[in-house]
Amino acid sequence: MKKLLIIPFLVSIIWVSCDEEPPPVRFTDPEKPLLDTIYSGTAPAPDPKMLLLMDITGVNCPNCPKAATLAKNLQSANPGRINVLALYPAISPGNALTNPWPGYDTLVSSDADGIVSNLGSVTGLPTGIIDQIKLGGSFFVPTTSWAGTVSDRLLQNSPLNLDLNSKWLTSNNKARLEIKAVYHTNLPPTAKHLIHIGVTEDNIVGKQANNDSASGYSYKYKFMHVLRKLMTPVTGDTLKADLSAGRVFEKHYYISPRYNWKPDNLSAMVWIVDAATKEILQSAEVKLKP
């Protein structure tokens, strides 16, 4: 194994988005699981649907901190029902909304590029993706529509439960992530689902353009939910079996932090996608170092 260098609550906040050009796509090699097994068991009682809100953002986007605050407020209003993933896609020269500030850690990743580009072209920041559903013909949901879209999605059900467990191996400075997806509903034989596994980091302190700051910048801004790395391909790994009630998929991975990642702030984010519609059916998050 190679080492990873790796609500009903309505919020009404209106701001102007920043212009941005579509990012290029650069794919990286996925990690190989330690365990990858499929079997049948007893169908469990359904767990609540966990929504995934992807916040597409940038360090030089002065309106983006408002989107982060909105995402946090939505989580607080719906405890245990919303996961948030912050994506910093790379952008072409001449438009530096996500490019890192000199002397600061970059939050940009080719995996964020891939997630965004697989759903279309972003024309401005901040914007978001909510469970990868289309709103008005686009997967990209304006911030003014987040609260209403979240309320609608929380009424939906999921056909599977998703359980995560992490064991921190102190002597090896890495985590063993254990993933278990169990279906409680029979799906058609033609159904095809994909699993995505990402590593995120919280409390990254850095420089952020910010309209709410007197100087126009926050120099000790805390970046949360930042996607650092995908363990799977950007397009996901296929769950290769019929999706019947009681079907169980288990995958285990080692995750080693890069030199500039703080283990105490790392989490794993996992989500299951309908390959035909791209809709996220279930998501889960766990701290890598409990």
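The rules behind the values
Position labels on residues start from 1 in each chain and follow its written sequence. Totals for whole chains, interfaces and linings use every residue, but because this is a predicted model, local features are given only for residues with pLDDT of at least 70 and side-chain atom pairs only at 80 or more, for both listing and counting. Note that water and hydrogens are dropped before the side-chain values are worked out from all heavy atoms of the structure. In DSSP terms, a helix is any run of H or I states spanning at least four residues, a strand is any run of E spanning at least two, and both are numbered starting from the N terminus. Each residue gets one of three labels from its accessible area relative to the maximum for its type: buried under 20%, exposed over 50%, partly exposed in between, using a 1.4 Å probe on protein chains only. Accessible surface is estimated by sampling points in the Shrake-Rupley manner with a 1.4 Å probe; for residues, cover comes only from the protein chains shown. Cavities and pockets are defined on a 1 Å grid built over the protein atoms alone: a cavity is a set of grid points where a 1.4 Å probe fits but cannot escape, while a pocket is an open set with protein on both sides within 12 Å along at least five of seven lines, and lining residues are those with an atom within 4 Å of any such point. Grid points are joined across faces, edges and corners, and a volume is the space filled by probe spheres set on the points. A residue's pLDDT is the confidence the predictor assigns to it, expressed on a 0 to 100 scale. Only heavy atoms matter for contacts: two residues are in contact if any of them lie within 4.5 Å across the pair. Any two strands with at least two DSSP-identified bridges between them are counted as paired. Note on method: axes are straight lines fitted to C-alpha atoms, helices fitted across the in-contact stretch only, with angles between N-to-C directions ranging 0 to 180 degrees. Oblique is the label for any angle not under 35 degrees, not over 145, and not in the 65 to 115 range, which are roughly parallel, roughly antiparallel and roughly perpendicular in turn. The crossing is said to be left-handed when, going from far helix to near helix, the turn is anticlockwise and less than a right angle, and right-handed when the turn is clockwise. Gly counts as polar in this scheme, as do all residues outside two lists: the nonpolar Ala, Val, Leu, Ile, Met, Phe, Trp, Tyr, Cys and Pro, and the charged Asp, Glu, Lys and Arg. Each salt bridge in this description consists of a side-chain nitrogen of Lys or Arg and a carboxyl oxygen of Asp or Glu lying within 4 Å of one another. Here, two cysteine sulfur atoms that lie within 2.5 Å of each other are counted as a disulfide. Two rings from Phe, Tyr or Trp (for Trp, the six-membered ring) form a pair when their centres are within 6.5 Å of each other. A pair whose planes differ by under 30 degrees is stacked, one over 60 is edge-to-face, and the rest are tilted.

## Points about the overall build of the protein chain
Inference 1: What the protein chain contains, in helices and strands, is 3 helices and 16 strands.
Inference 2: Residue burial in the protein chain is summarised as follows: out of 290 residues, 54% are buried.
Inference 3: Summed over all atoms, the accessible surface of the protein chain reaches about 12,700 Å², with 52% contributed by carbon and sulfur.

## Digging into the layout of surface pockets
Inference 1: Here the largest pocket is characterised by a volume of approximately 280 Å³.
Inference 2: In this structure, the largest pocket is lined by 18 residues; those nearest its centre are Ala 68, Thr 69, Tyr 221, Lys 222 and Met 224.
Inference 3: When contributions to the lining of the largest pocket are tallied by element, the ones reaching two or more residues are helix H1 (64-77), strand E4 (82-87) and strand E11 (217-223).
Inference 4: Sorting elements by how many residues they give to the lining of the largest pocket places H1 first, with 7 residues.

## Details of the environment of Asp 55
Inference 1: With respect to the helices and strands, the residue Asp 55 is situated in strand E3 (residues 51-56).
Inference 2: Once the C-alpha coordinates of Asp 55 and Thr 143 are considered, the two residues, 88 residues apart in sequence, prove to be 9.2 Å apart.

## Side note on the confidence of the model for the protein chain
Inference 1: Taken over all residues, the pLDDT of the protein chain has a mean of 89, while the share at 70 or more is 88%.
Inference 2: With pLDDT under 50 throughout, residues 1-17 is counted as low confidence; its partners more than four residues away or in other chains account for 54 contacts.
Inference 3: Low pLDDT, under 50, characterises residues 19-28; the stretch is placed with 37 contacts to residues that sit more than four places away or in other chains.

## A word on helix H2 (residues 110-117)
Inference 1: Counting buried residues along H2, 7 of its 8 residues qualify, which places the element largely inside the surrounding structure.
Inference 2: Listed as buried for H2 are Ser 110, Asp 111, Ala 112, Asp 113, Gly 114, Ile 115 and Val 116.
Inference 3: Against the buried residues of H2 lie E3, E4, strand E12 (226-230) and strand E15 (266-274).

## Structural notes on the pairing of strand E7 (residues 160-169)
Inference 1: Direction of pairing for E7 relative to strand E8 (residues 174-183): antiparallel, over a ladder of 10 bridges. Following the sheet pairing, Leu 160 is matched in E8 by Tyr 183.
Inference 2: The antiparallel hairpin formed by E7 and E8 contains 4 residues in its connecting segment, where Asn 173 sits at a positive phi of about 50 degrees.

## Quick notes on the packing of H1 against helix H3 (residues 146-153)
Inference 1: With their axes 11 Å apart at the nearest point, H1 and H3 run at an angle of 30 degrees to one another. Looking at the two axes, H1 sits roughly parallel to H3. Taken as a pair, H1 and H3 cross one another with a handedness that is right-handed. Within the contact between the two elements, H1 uses Ala 67, Leu 70, Ala 71 and Leu 74 and H3 uses Trp 146, Ala 147 and Val 150.
Inference 2: Split by residue class, the contact of H1 with H3 holds 7 nonpolar, no polar and no charged.

## Comments concerning the pattern of salt bridges
Inference 1: Scanning the model with the defined rule gives 11 salt bridges in all.
Inference 2: Asp 105 is the salt-bridge partner of Arg 228, the closest N and O atoms lying 2.7 Å from each other. Of the two residues, Arg 228 sits in strand E12 while Asp 105 sits in the loop between E4 and H2, which places them 123 residues apart along the sequence.
Inference 3: Exposure remark for Arg 228: the relative accessible area of 9% places this residue in the buried category.

## Notes on the sheet that holds strand E14 (residues 247-255)
Where strands meet in a sheet, backbone hydrogen bonds hold them as pairs that are either parallel or antiparallel.
Inference 1: Strands sit in the order E2-E14-E8-E7 across an open sheet of 4 strands; the sheet is antiparallel. Edge positions in the open sheet fall to strand E2 (35-40) and E7, since each of these has one partner strand only. The sheet shows a mean angle of 15 degrees between the axes of neighbouring strands, taken without regard to direction.

## Some thoughts on the state of the cysteines
Inference 1: For the structure on display, the rule yields 1 disulfide.
Inference 2: Shown here is the disulfide that connects Cys 61 with Cys 64, its sulfur atoms set 2.4 Å apart. Residues Cys 61 and Cys 64 are joined by a disulfide whose S-S torsion is about 85 degrees; by sign, that bridge is right-handed.
Inference 3: Given a relative accessible area of 0%, Cys 61 falls into the buried group.

## Some remarks on the packing of aromatic side chains
Between two aromatic rings, the relevant description is the distance of the centres plus the angle of the planes.
Inference 1: Here the structure, examined in full by the defined rule, presents 5 aromatic pairs.
Inference 2: Arranged with centres 6.2 Å apart and planes meeting at 75 degrees, the rings of Tyr 88 and Phe 223 form a pair that is edge-to-face. With Tyr 88 in the loop between E4 and H2 and Phe 223 in strand E11, this residue pair connects regions lying 135 residues apart in the sequence.
Inference 3: Their ring planes at 65 degrees and their centres at 4.9 Å tell us that Tyr 221 and Phe 223 sit as a pair that is edge-to-face. Accessibility classification places Tyr 221 together with Phe 223 in one group, the buried group.

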